[in-house]
Amino acid sequence: MQRLHIPRRIVPELALLAASVLWGASFLATKIGMEFTGPLGFVALRYLMATVAFALVLPRATRGIGATEMVAGIVVAATACIAYGAQAYALQTTDTGRVAFLSALYVPLVPVLQLLFFRQRAAAGIWIGVVLACLGVAIMSGLSPADITLSYGDTLSIVGAVAIAVEVVILGYYVRRADPLRIAFVMMVTTTLLCAAFALATGEPMPVASPTLFWVVVGYGIATAYIQFAMSWAQARVDSSRAAIIYALEPVFGGLFGYAAGEIFGLSDVVGALVILAGVIIASLPRLVDRLLMRRPVRTPVRLADRPMTDTSP
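Structure report, in brief.

Calculation criteria
- Residues numbered from 1 in each chain as written.
- Predicted model: local features only at pLDDT ≥ 70, side-chain atom pairs only at ≥ 80, totals over all residues.
- Heavy atoms only, no water.
- Helix = DSSP H or I, 4+ residues; strand = E, 2+ residues; numbered from the N terminus.
- Buried < 20%, exposed > 50% of the residue type's maximum accessible area, 1.4 Å probe, protein only.
- Contact = heavy atoms within 4.5 Å.
- Areas by Shrake-Rupley, 256 points an atom, 1.4 Å probe, with all protein chains shown as cover.
- Salt bridge = Lys/Arg side-chain N within 4 Å of Asp/Glu carboxyl O.
- Axes fitted to C-alpha atoms, helices over the stretch in contact; angles between N-to-C directions.
- Parallel < 35°, antiparallel > 145°, perpendicular 65-115°, else oblique.
- Left-handed = near helix turned anticlockwise from the far one by under 90°.
- Core = buried A, V, L, I, M, F, W, Y, C linked by side-chain atoms within 4.5 Å.
- Phe/Tyr/Trp six-rings, centres within 6.5 Å; stacked < 30°, edge-to-face > 60°.
- Lys NZ or Arg CZ within 6 Å of the ring centre and 35° of its normal.
- Nonpolar A, V, L, I, M, F, W, Y, C, P; charged D, E, K, R; others polar.
- Expected span 1.5 Å × (residues − 1).
- Polar contact = N/O pair within 3.5 Å; in protein donor to acceptor, adjacent residues only side chain to side chain.

What the chain contains, in helices and strands, is 13 helices and zero strands. Mapped from its N terminus to its C terminus, the chain presents α and β elements in the order α-α-α-α-α-α-α-α-α-α-α-α-α. The 314 residues of the chain split such that 53% are buried. Long-range pairs, those at least 24 residues apart, make up 92% of the contacts in the chain between residues at least 6 apart in sequence. Working note: accessible area of the chain is about 14600 Å², and carbon and sulfur atoms make up 70% of it.

Shown next as structure tokens:
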């Protein structure tokens, strides 16, 4: 039987795609988990489980942490707490599909932030993909110029989107300057501590012991460990703008999981999902788009495809 060959250059992008699937499922998992604990408490529990899983699978990533990895992990954790905390609170009053769609508005923010902070110009294909992704999210969420009234849950979702955009840009900056796996470990530990502290400070009720909560935390915690690994490892090899476009598939999967749980997934959701998918495909072929537009290709940051990963042996 002929062996399936996957080109090495697309492996990081496939890793990010898998993370997007799990990220899409996270909205439903969070909503289920919050039946037994508060929003920040649930984020703390899943990141605690993620930290344990990460340390067991990648023990060497927990040692030899330098100053740069420590600073990067703490800064990324601060943005993650804002992002995932806002999403969790939004899910208390808003459908999982809508929160997922609005949260994906961070996609067009990533290249804008890169341009503002690092003067990093994106290829034409990236910008076309950004526009399509933003349009797809707008179609799926039902936003229109005639109806721009946002609910409390919508506002929190957008706050989370801004925080995620900052997280993606910061992570993309640091993973090229330090060990990405050690950054991920510091980020998970710090997120656990910050969310637990804020949960106690705001008077959230203690988690209610339940088999459902236990398995949701275990499953989602392991998925979170993989997501943080994929974001840190793959973003050292994929430009942040391109990574953000792949992440834009998150609301598509979020909507599908919500539909499986009984939420409405109508024509606008299908059309929006197809528009986002078109944006992902176009953004994945920036050089081809530049040639079609008869432009000189924009240089993208050098991928660290040959950079050695942290030793994962025990």
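Next comes the rest of the description.
Per the stated rule, a full pass over the model turns up one salt bridge. Among the ionic pairs, Asp-179 bridges to Arg-182, the shortest N-O distance being 3.4 Å. On the basis of relative accessibility, which here comes to 11%, the residue Asp-179 falls in the buried class.

Interaxial distance between helix H2 (residues 39–57) and helix H3 (residues 67–90) falls to 8 Å at its minimum, and their mutual angle equals 130°. Taken together, the axes of H2 and H3 lie oblique to each other. Between H2 and H3 the crossing geometry is right-handed. Note on element contacts: H3 touches H2 through Tyr-84, Gly-85, Ala-88 and Tyr-89, opposite Pro-39, Leu-40, Val-43, Arg-46 and Tyr-47.

Let us look at the nonpolar core. Trp-23, Phe-54, Tyr-106 and Tyr-247 are the most contacted members of the largest nonpolar core, which totals 84 residues. Among the elements that line this core, the one with the most residues is helix H9 (residues 211–234), at twelve residues. Discounting residues that sit within four places of it in the chain, Phe-54 has contacts with Pro-59, Ala-61, Leu-181, Ala-184, Phe-185, Met-188, Ala-225 and Phe-229.

A few words now on the packing of aromatic side chains. As enumerated under the stated definition, the model contains six aromatic pairs in all. Residues Tyr-173 and Tyr-174 carry aromatic rings whose centres are separated by 5.2 Å and whose planes lie at 80° to one another, so their mutual orientation is edge-to-face. Taking relative accessible area as the criterion, Tyr-173 reaches 31% and is therefore assigned partly exposed. Here Tyr-174 falls in the buried class, since its relative accessible area comes to 19%. Each ring, one from Tyr-226 and one from Phe-229, has its centre 6.3 Å from the other, and the planes form 45°; the classification is tilted. With Tyr-226 and Phe-229 both in helix H9 and three residues apart, this pair spans about one turn of that helix. Arg-46 extends its terminal NZ or CZ atom over the ring of Tyr-84, reaching a point 5.0 Å from the ring centre.

As a further point, take the packing of H2 against helix H8 (residues 180–201). Viewed as axis vectors pointing N to C, H2 and H8 meet at an angle of 150°, and their least axial separation amounts to 8 Å. One element, H2, and the other, H8, form an angle in the roughly antiparallel class. Regarding H2 and H8, the two cross each other, and that crossing is left-handed. Contact with H2, carried on its side by Leu-40, Gly-41, Val-43, Ala-44, Tyr-47, Leu-48, Ala-50, Thr-51, Phe-54 and Ala-55, involves Leu-181, Ala-184, Phe-185, Met-187, Met-188, Val-189, Thr-191, Thr-192, Cys-195, Ala-196, Phe-198 and Ala-199 of H8 and no other residues of that element. For the contact of H2 with H8, a count of residues per class yields 18 nonpolar, four polar and no charged.

Between its first and last C-alpha, H9 extends 34 Å over 24 residues, near the 34 Å set by a 1.5 Å rise per residue. Its side-chain oxygen at 3.2 Å from the backbone nitrogen of Thr-212, Ser-210 defines the N-terminal cap of H9.

Here we come to the environment of Arg-242. By the element assignment, Arg-242 lies in helix H10 (residues 240–247). For Arg-242 and Trp-127, which are 115 residues apart along the polypeptide, the C-alpha to C-alpha distance reads 9.8 Å.

This brings us to H2. Here H2 contains 19 residues, and its C-alpha end-to-end distance of 27 Å stays within 8% of the 27 Å for a straight helix at 1.5 Å per residue. Residues of H2 that are buried: Pro-39, Leu-40, Gly-41, Phe-42, Val-43, Ala-44, Arg-46, Tyr-47, Ala-50, Thr-51, Ala-53 and Phe-54. Buried residues along H2 sit in contact with helix H1 (11–33), H3, H8 and H9.

Geometry only, nothing functional implied.
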